[in-house]
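# Analysis of the macromolecular model
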Number of protein chains: 2
Amino acid sequence: MSKGLTSRSEDYSQWYNELVTKADLAEHSSVRGCMVIKPYGYSIWEKMQAVLDQKFKDTGHSNAYFPLFIPKSFFSKEASHVDGFATECAVVTHYRLKNDGTGNIIVDEEAKLEEELIVRPTSETIIWNTYKGWIQSYRDLPILVNQWANVVRWEMRTRLFLRTTEFLWQEGHTAHATAEEAIAETEQMLHVYADFAENWMAMPVVRGKKTANERFAGALDTLCIEALMQDGKALQAGTSHFLGQNFAKAFDVKFASKEGKLEHVWATSWGVSTRLMGALIMAHSDDQGLVLPPKLAPIQVVIVPIYKGEEELQQISAEVEKITTALKLRGISFKYDDRDTQRPGFKFAEYELKGVPVRLAFGGRDLENNTIEIARRDTRTKETISRDDIAEKIAALLDEIQANIYQKALDFREEMTTEVNSYDEFKQVLAEKGGFISAHWDGTSETESKIKEETKATIRCIPLNNKQEEGLCMVTGKPSSQRVLFAMAY
Amino acid sequence: MSKGLTSRSEDYSQWYNELVTKADLAEHSSVRGCMVIKPYGYSIWEKMQAVLDQKFKDTGHSNAYFPLFIPKSFFSKEASHVDGFATECAVVTHYRLKNDGTGNIIVDEEAKLEEELIVRPTSETIIWNTYKGWIQSYRDLPILVNQWANVVRWEMRTRLFLRTTEFLWQEGHTAHATAEEAIAETEQMLHVYADFAENWMAMPVVRGKKTANERFAGALDTLCIEALMQDGKALQAGTSHFLGQNFAKAFDVKFASKEGKLEHVWATSWGVSTRLMGALIMAHSDDQGLVLPPKLAPIQVVIVPIYKGEEELQQISAEVEKITTALKLRGISFKYDDRDTQRPGFKFAEYELKGVPVRLAFGGRDLENNTIEIARRDTRTKETISRDDIAEKIAALLDEIQANIYQKALDFREEMTTEVNSYDEFKQVLAEKGGFISAHWDGTSETESKIKEETKATIRCIPLNNKQEEGLCMVTGKPSSQRVLFAMAY
Ligand SMILES: [Zn+2]
Ligand SMILES: [Zn+2]
């Protein structure tokens, strides 16, 4: 297994692209901007889905499914929403093909839709049009619904997982009787996302609020989690929006309160997508390939026999079966790779590339000595240990790896978060170091836009529970009460 | 809870439509032909998905994801395939909307696609175009991949779950080195579907082979499972196709065999969809509402307290907690409905409508007597029993209900399967009784088409392991070696 992976220092972007394809995670399809998620990549996404789905259910949500298509007119009902999505929509205009008589398949002009349909870029409009029929009284609230779905946003420049025309995601859409309850839901789901990012993906995140410039099209407030990648760029890993009564007003969704008054319903929406796959890859992986946190690794342990002859293989396999039986009991996933078509070295490289957290190598000498070689992917260290209580040792090691990967990413982020006090210093850190830059800003969209124009850096967020301190905007010198986090971003 | 459900004898079709909406399973959306699957309906679909997904994995398959869009040219590559799907395609022609300057949102004609994209009606073409890159040698085979996805087939007349423009499904797409292996896969997956239908859905099915007329567009052979609904119409519940080398030839997918020869790859595809929801509903439900098999019921047991005053409720709730703890240990799902906003009678009707298999009612007298009232949904019978070993009793009852629902459907199907020996008899049974009609047919597409034209009945399948018997085609009098199954069908 020749990896031939470009190193991160050589070309980070190239490293990422090669890793995604060589580790069998995803590939570009023949359809512009759309990806194929390959079985190994999809199995990681399935693990993510399972954990998130359980968290949504534990917080009282149910899944449902709404149409892929949205009538064009729905789109126009919420003004800032259509502004946000109109320029990147796939539009269905016809519903039939035909043979043109010479053997060519063409669009049948007689099958033109009266009203064009948009392939959903997000589902607020179709869902709020549906909720109108579900909500009459306060007794019908809250509605706590989530949808797992594909969405389409026409992107001109795409990158596997990070920015594709079609992607997979979940979108929660909730309806509430009061603003307070909707705001609490918005915050709760942000914390669900942060918990998932930190404790499953082993990826530290900053929880914060977006500035007006960076808000979701149609939201009053957008909360987000922001992670730092190894190249010093930030990645928005999840968002949770407080939509106020905007969509309820656009679709005329009212409820009779306990007091019998008709009021507009309050809304939230929140989502994470296959973009998390990109974040997971970039947060931890190294020049040898993927590094997966054990909690999301489809295969947690791989076992490779190293043998001379069929008889020794049989002896080894019998001992390995004792190990796998013990692993099964602990719910640890494993693969015993006894293929005779590949040599151990090839297998080692393959599982390293694919980020399997723990590798066991079982050789002839281990038979006599009651030992086994155990290697960890994160530190690339190995040792020979006794096979006594092997499953217990592996379980402990998986926990240690999970914690270590997180700590490493956290240390990196702390190292890469810089406070600056002048615009010059800001530009210098941005150019020479990257990472998060914590700086005072006067709170205006104008200044934010100017900084973005001049440096391409954006305000990633105003961290929640941000320390309040008096300061001066690094650009305008106007007073500021807190620092915000800037970064170059994916 | 006033159900006001039309009875099956009055208007079966109306009964179905009302049941689907009143039991909160699904509803029509504002998008022509597209449905909204509501949380309760979706939770049943999720249970179906979980069981099927595990069966696919147990038979060696992995999930992956392929693009929603298919370039028009891909479609044309397999001739019978394009014939089968061209007339019902949603076509994407543009990728941007714009404001026309007067505030109207219109399609931006400058954003016209060079090649139109089809929203997938099925994914053979895009997947085989992808497999071309995955397959070089026999070592790359077999490929055993499944996809859970939404698909679109433009339907003029739609019915919730049974026929909608957009629906959810899974589509397996496998690639093999030999015809034998592909045929074995086709058969294996048919049996997986039949096992699911019979042992989870409690719905007996006939396993069979489609005639050439009824085959999937592009297949050499289509196997299917056919179920009988309570109105005597058949429903095709799943199909498994042997595609031969058709798609490999259309997309030029070859592999080097062990002997070093370049050969075309053999293919299968197989799928079931949200149509199964329609089958599940129609197979078992009655004039009071849904009847769900316990193995697929989102709530298997509902517990309703019947009390006077807060104190008695507290006493009952304390006893109920002992029951629910025991149910949890056995993995039985339940809901304790102690809402004070609704009366017991309302709750009883609601859970009857929603098909909850077992209902417990716990009253004040049960406190003293160590008893509880237990009612089963399938037979609508109830009795008061001792609370000793209550979870064990419930577990046994759930098994009994599962078996009873299946047996009832099987008895019905046997009752409704008729052998006929003349075309007159055939027409009479079709008109007066319905159901499956077993008759001799001369094996020609002409005769099959004539029967369909004259009676609207189709050949549902040639049953697998069909009894061979000499006979004469009921229409042409030509010799026939076996009976085939006809029916009116959904
Ligand atoms: Zn943020
Ligand atoms: Zn059949």
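Residues numbered from 1 in each chain as written. Chains lettered and ligands numbered in written order. Predicted model: local features only at pLDDT ≥ 70, side-chain atom pairs only at ≥ 80, totals over all residues. Heavy atoms only, no water.

In the annotation of an unreviewed UniProt entry, the entry for chain A reads Proline--tRNA ligase, and the organism field reads Pelobium manganitolerans. The UniProt entry for chain A carries this comment under Sequence similarities (unreviewed entry): "Belongs to the class-II aminoacyl-tRNA synthetase family. ProS type 3 subfamily." Under the UniProt heading Subcellular location (unreviewed entry), the note attached to chain A is "Cytoplasm". (UniProt positions renumbered as here; feature names shortened; annotations may be inferred.)

## Quick look at unusual backbone geometry
Glycine aside, residues mostly have negative phi, and peptide bonds are mostly found in the trans state. Residue and element names in this part refer to chain A. That bond from Leu141 to Pro142 is cis: its omega, -5°, falls within 30 degrees of zero. Looking at the secondary structure, you find Pro142 in the loop between helix H5 (124-134) and strand S9 (143-152). With a phi angle near 65°, Asp24 is a residue other than glycine that sits in the positive phi range. As for its placement among the helices and strands, Asp24 is situated in the loop between helix H1 (12-22) and strand S1 (26-28). The exposure class of Asp24 is partly exposed, given its relative accessible area of 27%. At Lys456, a position not held by glycine, the phi torsion is positive, near 70°. Within the secondary structure, Lys456 sits in the loop between helix H14 (445-455) and strand S24 (458-463). When its relative accessible area of 65% is taken as the criterion, Lys456 is described as exposed. (Helix = DSSP H or I, 4+ residues; strand = E, 2+ residues; numbered from the N terminus. Buried < 20%, exposed > 50% of the residue type's maximum accessible area, 1.4 Å probe, protein only.)

## Here's the deal with the interface of chain B and chain A
Counting from both sides, the interface comprises 60 residues of chain B and, opposite them, 60 residues of chain A. The three residues of chain B that bury the most area against chain A are Tyr65, Tyr95 and Leu97 of chain B, which together make up 14% of that side's buried surface. Seen at the junction of chain B and chain A, the total is 2 salt bridges. Among the ionic pairs, Glu46 of chain A bridges to Lys57 of chain B, the shortest N-O distance being 3.0 Å. On the surface where chain B and chain A come into contact, there are 30 residue pairs in polar contact (both at pLDDT 80 or more). The class makeup of the residues in the side of chain B that touches chain A is 38 nonpolar, 11 polar and 11 charged. In terms of strand pairing, strand S5 (residues 91-94) of chain A meets strand S5 (residues 91-94) of chain B through 3 bridges, oriented antiparallel. When the sheet's bridge partners are listed, Val91 of chain A is paired in S5 of chain B with His94 of chain B. (Contact = heavy atoms within 4.5 Å. Buried area = accessible area lost by both parts, 1.4 Å probe. Salt bridge = Lys/Arg side-chain N within 4 Å of Asp/Glu carboxyl O. Polar contact = N/O pair within 3.5 Å; in protein donor to acceptor, adjacent residues only side chain to side chain. Nonpolar A, V, L, I, M, F, W, Y, C, P; charged D, E, K, R; others polar. Pairing = 2+ DSSP bridges.)

## Notes on the pattern of salt bridges
Residues and elements named next belong to chain A. Counted according to the given criterion, the structure contains 59 salt bridges over all chains. With a closest N to O distance of 2.8 Å, Asp53 and Lys57 form a salt bridge. Here Asp53 and its partner Lys57 are both found in helix H2 (residues 39-58), 4 residues apart, which amounts to about one turn of the helix. Through salt bridges with shared partners, a single network forms among Asp24, Glu27, Lys38 and Lys354.

## So, the coordination of the zinc ion (ligand 2)
All names here are of chain B. Binding of the zinc ion (ligand 2) to the protein goes through Cys224 (SG) and Arg460 (O), at separations of 2.0 to 2.8 Å. Linking Cys224 in strand S12 (residues 221-228) with Arg460 in strand S24 (residues 458-463), this pair joins segments that are 236 residues apart in sequence. Assessed through its relative accessible area of 0%, Cys224 is described here as buried. (Donors = N, O, S within 2.8 Å, 3.2 Å for Na, K, Ca; no water.)

## What about the packing of aromatic side chains?
All names here are of chain B. Evaluation of the coordinates by the stated rule reveals 35 aromatic pairs over all chains. Ring centres 6.2 Å apart and planes at 35° place the aromatic pair Phe56 and Trp148 in the tilted group. Highlighted residues: Phe56 in helix H2 (residues 39-58) and Trp148 in strand S9 (residues 143-152), separated in sequence by 92 residues. Pair check on accessibility: Phe56 and Trp148 agree, each one buried. Taking 6.4 Å as the distance between ring centres and 65° as the angle between the ring planes, the aromatic pair formed by Tyr193 and Trp270 counts as edge-to-face. (Phe/Tyr/Trp six-rings, centres within 6.5 Å; stacked < 30°, edge-to-face > 60°.)

## A short note on the UniProt feature "domain: Aminoacyl-transfer RNA synthetases class-II family profile" (unreviewed entry) in chain A
Taking the UniProt record as the reference, the feature "domain: Aminoacyl-transfer RNA synthetases class-II family profile" (unreviewed entry) is found at residues 27-293 of chain A. Along residues 27-293 of chain A one finds 29% helix and 32% strand; the C-alpha atoms at either end are 22 Å apart.

## Notes on the nonpolar core
The biggest cluster of nonpolar side chains holds 101 residues, and the ones touching the most others in it are Phe69 and Trp128 of chain A together with Phe69 and Trp128 of chain B. If near-sequence neighbours (up to four positions away) are discounted, Phe69 of chain A is found in contact with Val92, Leu117, Ile118, Val119 and Ile126 of chain A together with Val31, Cys34, Ala90, Val119, Val152 and Trp154 of chain B. (Core = buried A, V, L, I, M, F, W, Y, C linked by side-chain atoms within 4.5 Å.)

## Here's the deal with H2 of chain B
Residues and elements named next belong to chain B. Its 20 residues give H2 an end-to-end C-alpha distance of 28 Å, which sits within 8% of 28 Å, the value for a rise of 1.5 Å per residue. H2 sits mainly inside the fold: 14 of its 20 residues count as buried. Directly after H2, the chain includes Gly60, whose backbone phi takes a positive value near 90°. (Expected span 1.5 Å × (residues − 1).)

## Details of the domain arrangement of chain A
Taken as a whole, chain A is organised into domain 1 (12-66 + 123-284), domain 2 (299-399) and domain 3 (417-487). The gap between the C-alpha centroids of domain 2 of chain A and domain 3 of chain A is 49 Å. (Domains from an automatic or database assignment.)

## What to know about the pairing of strand S13 (residues 234-244) of chain B
Residues and elements named next belong to chain B. For S13, the tally of buried residues reaches 10 of 11 residues, placing the bulk of the element in the interior. In this sheet, S13 lies alongside S12 in antiparallel orientation, the contact comprising 8 bridges. Each bridged residue has a counterpart across the sheet, and for Leu228 the counterpart in S13 is Ala234. Counted between consecutive antiparallel strands, the loop separating S12 from S13 contains 5 residues, among which Gly232 sits at a positive phi close to 85°.

## Examining the sheet that holds strand S17 (residues 301-306) of chain A
Residues and elements named next belong to chain A. If you walk across this open sheet you meet the 5 strands as S18-S17-S19-S20-S21, and the pairing is mixed. Only two strands of the sheet have a single partner each, and these edge strands are strand S18 (334-336) and strand S21 (381-386). Shown here is a sheet whose adjacent strand axes are inclined to one another by a mean of 20°, direction ignored. When S17 meets S18, the two strands line up parallel, connected through 3 bridges. Pairing of Val302 across the sheet is with Lys335, part of S18. In the packing of helix H9 (residues 309-329) onto the sheet, contacts are made with S17, S18, strand S19 (358-363) and strand S20 (371-376), and the angle to S17 comes to roughly 165°. (Axes fitted to C-alpha atoms, helices over the stretch in contact; angles between N-to-C directions.)

## As for the sheet that holds strand S21 (residues 381-386) of chain B
Residues and elements named next belong to chain B. Sheet architecture is open: 5 strands sit in the order S18-S17-S19-S20-S21, paired in mixed fashion. With one partner strand each, in any of the chains shown, strand S18 (334-336) and S21 form the two edges of the open sheet. Recorded for the sheet is a direction-independent mean angle of 20° between the axes of neighbouring strands. In this sheet, strand S20 (residues 371-376) lies alongside strand S19 (residues 358-363) in antiparallel orientation, the contact comprising 4 bridges. Directly across from Ala361, in S20, lies its bridge partner Glu373. Along the sheet, helix H9 (residues 309-329) contacts strand S17 (301-306), S18, S19 and S20; its crossing angle with S17, the most-contacted strand, is approximately 165°. The sheet contacts of helix H10 (residues 344-353) involve S17, S18 and S19, and relative to S17 the element is tilted by about 170°.

## Quick look at the relation of the copies chain B and chain A
For the pair chain B and chain A, the superposition axis carries a translation of 0.0 Å, the fit reaches an RMSD of 0.0 Å, and the rotation angle comes to 180°. Those values place the two copies in the arrangement expected of a two-fold rotation axis. Nearest to the rotation axis, the C-alpha of Val92 of chain B is located 2.1 Å from it, this being the minimum over chain B. Taken together, the interface assignments show that 100% of the residues at the interface of chain B recur at the interface of chain A, consistent with an identical surface on both copies. (Least-squares fit on C-alpha atoms with pLDDT ≥ 70 in both.)

## Some remarks on the environment of Thr102 of chain B
All names here are of chain B. Mapped onto the elements, Thr102 comes out in the loop between strand S6 (97-99) and strand S7 (105-107). A residue is classified by how much of its surface remains accessible, and Thr102, at 61% relative accessible area, is exposed. A C-alpha to C-alpha distance of 55 Å links Thr102 and Tyr193, two positions 91 residues apart in sequence. Reaching out from Thr102, the side chain makes a polar contact with the side chain of Asn104 at a distance of 3.4 Å.

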